[in-house]
Amino acid sequence: MSKSKDQVIIFDTTLRDGEQSPGATMTFDEKLQVAALLDEMRVDVIEAGFPIASEGDFEAVSEIARRTEHSVIAGLARAIPGDIKRCGEAVKHAKRPRIHTFVSTSPIHLEFQMRKTQEEVLDIIHETVTLARSLCDDVEWSAMDATRTPLDYLARCVDAAIKAGATTINLPDTVGYTVPDEMRHLFVTMRENVANSDKAIFSAHCHNDLGMAVANSLAAIDGGVRQIECTINGLGERAGNAALEEIVMALKTRNDVLPYACNVKPELLTRASKLVAAVSSFPVQYNKAIVGRNAFAHESGIHQDGMLKNQETYEIMTPESVGVTKTSLVMGKHSGRNAFKSKLEDLGYELSDNAFQDAFVRFKALADRKKHIYDEDIEALVDEGIASAADRMKVVALTVIAGTMGPQTATLTLDIDGQQSTVQSVGNGPVDATFNAINALHPHEAKLALYDVHAVTEGTDAQAEVSVRLEDVETGRQVTGRSADPDTLVASAKAYIAALSKLEVKRMRGDATAPVKALAGAERRGP
Ligand code: KIV
Ligand code: ZN
């Protein structure tokens, strides 16, 4: 009789660790969209945010908790009673709530960041995990910088957390420092040396500073871990976290040597990757494993020859298994509403009537300007519509004079809260002129931190996808806006406006009170 396989719990932290990476901030609606897709994908645990960080984070975690059908909803809290209570409030409406609390354990963090002794930290673990457990039956405790913590002291911390009621013990490689063998050894040591280690599930949370986050996570499973923390597209602090799609496909594709069960539906991975790339405005590198544009492309003659004879010569998994549909020429200007609707369904979109009407009008406008419309064009068009639906400002008209003669001049009409105004500005190039025109119509304090353009498909009539990252000079918070249009300058103006709108929404929701700068050093609220 075959033995049933151990389950590996997939814990997604795109909305917490991922959203923490500078510029990847998402709006409330974007967070709800990502959470809904993660739930549909059957991710076991969704870390929805860090409720104490801001009013906006609290509201997003609470709303996700209310709406989620299947996944456990976790919120993050520092080892501070106020954080833990606020987190408990935010997740309490979830069908399956979890409080995730953490404290640093490594000597360097204790000496310079916390200014606490090892004994003091042990007391903190006891008090905070006990408090969390009084509010919620499902409590995860994390030892921040676990991989740089002496194993004997780490074992005492784990023991204290389990005794106080933690049901999951997460030992993160916070700074992406460890290597696979060391990671395996760390978990084997904890499981062998902590008296009640079988009372909790062990978990790994690996950062990718040395490019080993996924390898370290898989080694941790070998060491007895049964929960992996990861993010879509590997988004996260600095070099990011272990990529969820890589973990899931490693477990599915190499189940012969990694014989574990995993609930995640792989056919939704591509959609999730595209959604997260769109809302975070972090493009996916072309040769990224599983979800990169080239992940299933075969260029060399020998490879193409092999593929024609048998797909398995050069493909270890099929593109369809991760939800890649063949790039197809979909429609043109004669395509009707029904064809457009069924295309959207194929691409995984479920739009409300209003959003559908809006997308159809914009599809027709695009079809008038661009002969061939591909799946990627439709995705860019719909994602942009979703992102800009709530914006107060809209581009009504833009004319730019560019070329060798100069000065480059932009004439721009913006609609701000229903009022239209026009201005003409010059600049050092057409993009600069366009941004100067926006600044003239809507003066603000934000600083341009990044401007990035790439083509959505091939050809000189391809839509340009532009990302603009702005930094609020007062708070240091960065946000990114994104837009696509066959005209690069129109896409640039819309992306700039999208970023400005995001900054305003953040300010209104009180998120600016939890800025990146104020979170730095001793006052830092985030992990
Ligand atoms: O990297 C880290 O240590 C974290 C913890 C808060 C889990 O993100
Ligand atoms: Zn982390």
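As a reminder, the structure under discussion sits directly above these lines.
None of these values were measured; they are calculated from a predicted model.

**Q** Tell me about the packing of aromatic side chains, residues and numbers included.
**A** What the rule picks out here adds up to eight aromatic pairs. A ring pair is formed by F356 and F360, whose centres lie 6.2 Å apart and whose planes are at 15°; its orientation type is stacked. With F356 and F360 both in helix α14 (residues 353-369) and four residues apart, this pair spans about one turn of that helix. Since its relative accessible area comes to 7%, F360 is described here as buried. Measuring from centroid to centroid gives 5.8 Å for F435 and Y451, while their planes differ by 85°, and the two rings are edge-to-face.

**Q** Explain the sheet that holds strand β8 (residues 201-206) to me, and be specific about the residues and the numbers.
**A** The eight strands lie next to each other as β2-β3-β4-β5-β6-β7-β8-β9, forming a closed barrel whose pairing is parallel. Strand-to-strand twist across the sheet, computed as the mean angle between neighbouring axes with direction ignored, equals 25°. Contacts from helix α4 (residues 81-91) reach β4 (72-78) and β5 (97-104) within the one sheet, and its direction differs from that of β4 by about 165°. Helix-sheet contacts for helix α9 (residues 213-222) involve β7 (168-173), β8 and β9 (227-230), and the interaxial angle to β8 is about 165°.

**Q** Run through the site of ligand 1, naming residues and quoting values.
**A** Every one of the 12 residues lining ligand 1 counts as a neighbour, but R16, D17, T174, H205 and H207 are closest to it. Measuring from an oxygen atom of ligand 1, one finds a side-chain N or O atom of D17 at 3.1 Å. One of the side-chain N or O atoms of H207 is found 3.0 Å from an oxygen atom in ligand 1. Counting only elements with at least two residues in the shell around ligand 1, the list comes to α1 (14-18), β5, β6 (139-144) and β7. Taken together, the residues of the shell around ligand 1 break down into four nonpolar, six polar and two charged.

**Q** So what's going on with helix α7 (residues 151-163)? Residues and values would help.
**A** Since the α-helix packs 3.6 residues into each turn, any two residues three or four apart lie on the same face. The terminal C-alpha atoms of α7, which comprises 13 residues, lie 18 Å apart, in line with the 18 Å expected from a rise of 1.5 Å per residue. When we look at burial in α7, the residues that qualify are Y153, L154, A155, C157, V158, D159, A160, A161 and I162. At its buried positions, α7 is contacted by α5 (107-114), α6 (118-135), β6, β7, α8 (180-193) and β8. At the C-terminal side of α7, G165 shows a positive phi close to 115°.

**Q** Summarise the side chain of H109; cite the residues concerned and give the values.
**A** Topologically, H109 is positioned in helix α5. Ignoring anything within four residues of it in the chain, the contact list for H109 reads S104, M114, R115, M144, D145 and R148.

**Q** Could you give an account of the pairing of strand β14 (residues 408-416), naming the residues involved and the relevant values?
**A** Of all nine residues making up β14, eight are buried, and the element is well covered by its neighbours. By the bridge criterion, eight bridges tie strand β13 (residues 393-401) to β14 in an arrangement that is antiparallel. Following the sheet pairing, L398 is matched in β14 by L412. In sequence, β13 turns back onto β14 through a hairpin of six residues, with G403 there showing a positive phi of about 115°. The sheet contact formed by β14 and strand β15 (residues 419-427) spans nine bridges and is antiparallel. Paired with T413 across the bridge in β15 is T422.

**Q** Describe in detail the packing of α4 against α6, supporting the description with residues and values.
**A** The description of two helices packed together rests on the angle between their axes and the distance between the axes. Between α4 and α6, the least distance of the axes is 10 Å, while the angle of their chain directions is 20°. As summarised for this structure, α4 and α6 are arranged roughly parallel, according to the angle between their axes. Handedness of the crossing formed by α4 with α6: right-handed. In this structure, α4 contributes P81, I84 and K85 to the contact, and α6 contributes T128, L131, A132 and L135. For the contact of α4 with α6, a count of residues per class yields five nonpolar, one polar and one charged.

Conventions we followed
Residues numbered from 1 in each chain as written. Chains lettered and ligands numbered in written order. Predicted model: local features only at pLDDT ≥ 70, side-chain atom pairs only at ≥ 80, totals over all residues. Heavy atoms only, no water. Phe/Tyr/Trp six-rings, centres within 6.5 Å; stacked < 30°, edge-to-face > 60°. Helix = DSSP H or I, 4+ residues; strand = E, 2+ residues; numbered from the N terminus. Buried < 20%, exposed > 50% of the residue type's maximum accessible area, 1.4 Å probe, protein only. Pairing = 2+ DSSP bridges. Axes fitted to C-alpha atoms, helices over the stretch in contact; angles between N-to-C directions. Contact = heavy atoms within 4.5 Å. Near = heavy atom within 4 Å. Polar contact = N/O pair within 3.5 Å; in protein donor to acceptor, adjacent residues only side chain to side chain. Nonpolar A, V, L, I, M, F, W, Y, C, P; charged D, E, K, R; others polar. Expected span 1.5 Å × (residues − 1). Parallel < 35°, antiparallel > 145°, perpendicular 65-115°, else oblique. Left-handed = near helix turned anticlockwise from the far one by under 90°.

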